[in-house]
Amino acid sequence: MSAKALSLILLPTLQCNAACDYCFEDKTKDRLSLERLAEIVDKVLDPLGERKIAELTIHWQGGEIMTLSPSWLMRACAQIDEAAAARGCTVSHGLQTNLIGYHAGWNDPIREIFGNRVSTSMDYPNLYRRRRGREAADYTEIWVRNLHRARAAGIDVQVIAVPNPATLEMGAERFYAYFVDVLDIRSFQVNTPFPGGSPNAVKQLLPLDPEPLARFYVDLADLWLARGLASGVRVGPFDELLAYFQDQPALLPCIWTEDCANHMISIDARGHMAQCDCWVASYPDYRFGNLFESASLGALLRDSSVLARFHQRPMALVQGGCIDCDYLALCHGGCPVRAYSVYGRLSEKDPYCALYRAVFGHMAAAAASLARSSARHLVSADPCGPETLIAVGPSTHIFPE
Ligand code: SF4
Ligand code: SF4
Ligand code: SF4
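Residues numbered from 1 in each chain as written. Chains lettered and ligands numbered in written order. Predicted model: local features only at pLDDT ≥ 70, side-chain atom pairs only at ≥ 80, totals over all residues. Heavy atoms only, no water.

## Focus: the sheet that holds strand E6 (residues 187-190)
To keep it simple, the criterion reads: When DSSP finds two or more bridges between two strands, those strands count as paired. For helices the rule is a DSSP run of H or I covering at least 4 residues; for strands it is a run of E covering at least 2, with both sets numbered from the N terminus onward. Note on geometry: axes are C-alpha line fits, over the in-contact stretch for helices, and angles between N-to-C directions span 0 to 180 degrees.
Read from one edge to the other, the open sheet built from four strands follows the order E4-E5-E6-E7, with strand pairing classed as parallel. Bordering the open sheet on either side are strand E4 (117-121) and strand E7 (234-236), each of which pairs with just one other strand. Ignoring which end each strand starts from, the neighbouring axes of this sheet average 20 degrees apart. Two elements, E4 and strand E5 (residues 156-161), share five bridges in a ladder whose sense is parallel. Following the sheet pairing, Ser121 is matched in E5 by Ile160.

Below is the structure:
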């Protein structure tokens, strides 16, 4: 781990109040106690201080985080912040929830700990998100109701959406209109589905066919450029890719970091540690180790042969299928868990390679076109304008899928 900032995906519970068909987590009844949390916090924070990693971001997930109580989460975060302050570290907290268990009792912790912001997930149309034994429509109804309640309480709700075959058939226009015009979502991100965890009939449809998926992404990018960009709507990954190709600082998703194992770890309620939530919950052979059984985080990471294999992947891809790619410096071969869940090997490039290339090319062209129109505007508006533009190099960062 060599970054100056670290993201920790913390799964204090592996229980969930939903049973989504494409869920990649093998759920259990395990829950983290505050005593066990203190042990994790000490072992994570000590080496951060030693390595001068001043910033830690904890992404609270599950399972479903709202199967825990708001008061437990308040106590847990207070405990962490106190331990961090004693070591001179800063911890920020993010909340990923399905909103199904949201009620007014969550408003205080969301405001006080999470900056009055949550991230949630919904698809359009929703085919696969459901409660056990219920239809997807029941889930959608509860989610929409709770979305409105949360926003009425002043909470900023960001959405992650995963396309499915019906999304592609329906097209980008209706998808964009649902989130932006109907639900008034001002920030959402589109993620690609992958067949992680235990196989089932829905996961057999994955990965999605890259050709219609690429058409959908490109159409959605164009809709956002035409209707969302100027009005402050953010649609990921297009907004950050545009910034990247405009040589501005960009917060790219973890799938395109140079080596996600440098920036992120995940720990579950049993103390297991792995690259991210799918690995820790569903692929025991790919865990880095167990923090409760290790003397320290440093010892666990140093001794992990699995972590070494993650670090080897980017170079293996540079020497393999990605060497001639124009976008290698941006994509780095894509996401390890998408590759593994499809091909059964870490050493493969991301199965959505063709999609990425299409989207990168499109957003690079969009950035060039915007630069040309802004140059034309500058020339006509100010003939004495600057001749030299100073390019600020793009920087990568991560946030969870
Ligand atoms: S995808 Fe999320 S909300 Fe759905 S069952 Fe899995 S953990 Fe629960
Ligand atoms: S989702 Fe993929 S890129 Fe992101 S941390 Fe997990 S394995 Fe790495
Ligand atoms: S776009 Fe494809 S070829 Fe290029 S770096 Fe990514 S996975 Fe490799």
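## So, the sheet that holds strand E8 (residues 264-268)
Stated precisely, the cut-off is as follows: Note on contacts: a residue pair is in contact if any heavy atoms of the two residues lie within 4.5 Å.
Judged by pairing direction, the sheet is mixed, and its six strands sit side by side in the order E3-E2-E1-E8-E9-E10 without closing on themselves. On the outer flanks of this sheet lie strand E3 (90-95) and strand E10 (289-290), each paired with one strand and no other. The sheet contact formed by strand E1 (residues 5-11) and strand E2 (residues 55-60) spans six bridges and is parallel. Paired with Ile9 across the two strands is His59, which belongs to E2. Packed on one face of the sheet, helix H2 (residues 70-86) meets E2 and E3 and runs near 155 degrees to E3. Packed on one face of the sheet, helix H3 (residues 107-114) meets E2 and E3 and runs near 140 degrees to E3.

## Concerning the packing of helix H6 (residues 172-182) against helix H7 (residues 210-228)
The condition is simple: Relative orientations are named as follows: roughly parallel for angles under 35 degrees, roughly antiparallel for angles over 145 degrees, roughly perpendicular for angles from 65 to 115 degrees, and oblique for any other angle. By definition, any crossing whose near helix is turned counterclockwise from its far helix by less than a right angle is left-handed, and any crossing with a clockwise turn is right-handed. Gly is placed with the polar residues, together with every amino acid not listed as nonpolar (Ala, Val, Leu, Ile, Met, Phe, Trp, Tyr, Cys and Pro) or charged (Asp, Glu, Lys and Arg).
At a minimum axis distance of 9 Å, the contact between H6 and H7 shows a crossing angle of 45 degrees. Put simply, H6 runs oblique to H7. Remark: the crossing between H6 and H7 carries right-handed chirality. Touching Ala172, Glu173, Phe175, Tyr176 and Asp181 of H6 are Phe216, Asp219, Leu220, Leu223, Trp224, Arg227 and Gly228, all from H7. Taken together, the residues that form the contact of H6 with H7 break down as seven nonpolar, one polar and four charged.

## Digging into the pattern of salt bridges
Put simply, the test is: In the sections that follow, a salt bridge refers to a side-chain nitrogen of Lys or Arg positioned within 4 Å of a carboxyl oxygen of Asp or Glu. Only protein chains enter the accessibility calculation, which uses a 1.4 Å probe; a residue whose area is less than 20% of its type maximum is buried, one above 50% is exposed, and one in between is partly exposed.
Inspection of every chain in the model, using the stated rule, returns 18 salt bridges. Here Arg111 makes a salt bridge to Glu112, at a shortest N to O gap of 3.9 Å. Judged by relative accessible area, which is 43%, Arg111 ranks as partly exposed. Here Glu112 falls in the exposed class, since its relative accessible area comes to 52%.

## Some points on the packing of aromatic side chains
Put simply, the rule is: A pair of Phe, Tyr and Trp rings is counted when the ring centres sit within 6.5 Å of each other, with Trp represented by its six-membered ring. The angle between the planes then sorts it: under 30 degrees is stacked, over 60 is edge-to-face, the rest tilted. Each ring is checked for a lysine NZ or an arginine CZ that lies within 6 Å of its centre and within 35 degrees of its normal; such an atom marks a charge sitting over the ring.
Scanning the entire structure with this criterion turns up 25 aromatic pairs. Look at Trp60 and Trp72: their rings are 6.5 Å apart centre to centre, the planes differ by 85 degrees, and that puts the pair in the edge-to-face class. Separated by 12 residues along the polypeptide, Trp60 in strand E2 and Trp72 in helix H2 bring together distant segments of the chain. One aromatic cluster is present, built from ring pairs that chain together Tyr124, Phe175, Tyr176, Tyr178, Phe179, Phe188, Phe216, Tyr217 and Phe238. Looking at Arg36, its charged tip hangs above the ring of Phe292, at a distance of 3.8 Å from the centre.

## Some thoughts on the site of ligand 2
What counts, and what does not: The nearness test applies per residue and asks whether one of its heavy atoms lies within 4 Å of the molecule or strand.
The immediate surroundings of ligand 2 are formed by 11 residues, with Cys254, Cys260, Cys276, Trp279 and Cys335 found nearest. Class assignment of the residues belonging to the shell around ligand 2 gives a composition of nine nonpolar, one polar and one charged.

## Some words on the pairing of E6
Convention followed: With strands facing away from the observer, any crossover in which the path from the first strand over the helix to the second runs clockwise is taken as right-handed.
Taking every second residue as pointing to the same face, both faces of E6 are buried, with Ser187 and Gln189 on one and Phe188 and Val190 on the other. Where E6 and E7 come together, three bridges link them in parallel fashion. Within E7, the residue paired with Phe188 across the bridge is Val235. A crossover connection joins E6 to the parallel E7 through H7; in handedness this β-α-β unit is right-handed.

## A few points about the environment of Leu147
If you trace the backbone, Leu147 turns up in helix H4 (residues 136-152). Under the relative-accessibility criterion, Leu147 is labelled buried at 0%. Through-space distance from the C-alpha of Leu147 to that of Ile100 is 9.3 Å; in sequence the pair is 47 residues apart. Leave out the neighbours within four places in its chain, and Leu147 touches Leu99, Val157, Leu183 and Ile185.

## Some details on the nonpolar core
Cut-off, in case you're wondering: Joining through side-chain atoms within 4.5 Å is the link that ties buried Ala, Val, Leu, Ile, Met, Phe, Trp, Tyr and Cys residues into a set, and such a set is a nonpolar core.
Counting residues in hydrophobic clusters, the biggest one holds 130 residues, and the most contacted among them are Trp60, Trp143, Phe175, Phe179, Phe188 and Trp279. Looking at which element gives the most residues to this core, the answer is H7, with eight residues. Setting aside anything within four residues of it in sequence, one finds Phe175 in contact with Tyr124, Ala161, Thr167, Met170, Phe188, Val190, Phe216 and Leu220.

## Focus: the environment of Phe24
Here Phe24 shows up in the loop between E1 and helix H1 (34-50). Note: C-alpha distance between Phe24 and Val180 (156 residues apart in sequence) is 28 Å. Discounting chain neighbours no more than four positions away, the residues touching Phe24 are Phe194, Gly196, Gly197, Lys203, Asp277, Cys278 and Ser282.

These figures come from the coordinates and say nothing about function on their own.
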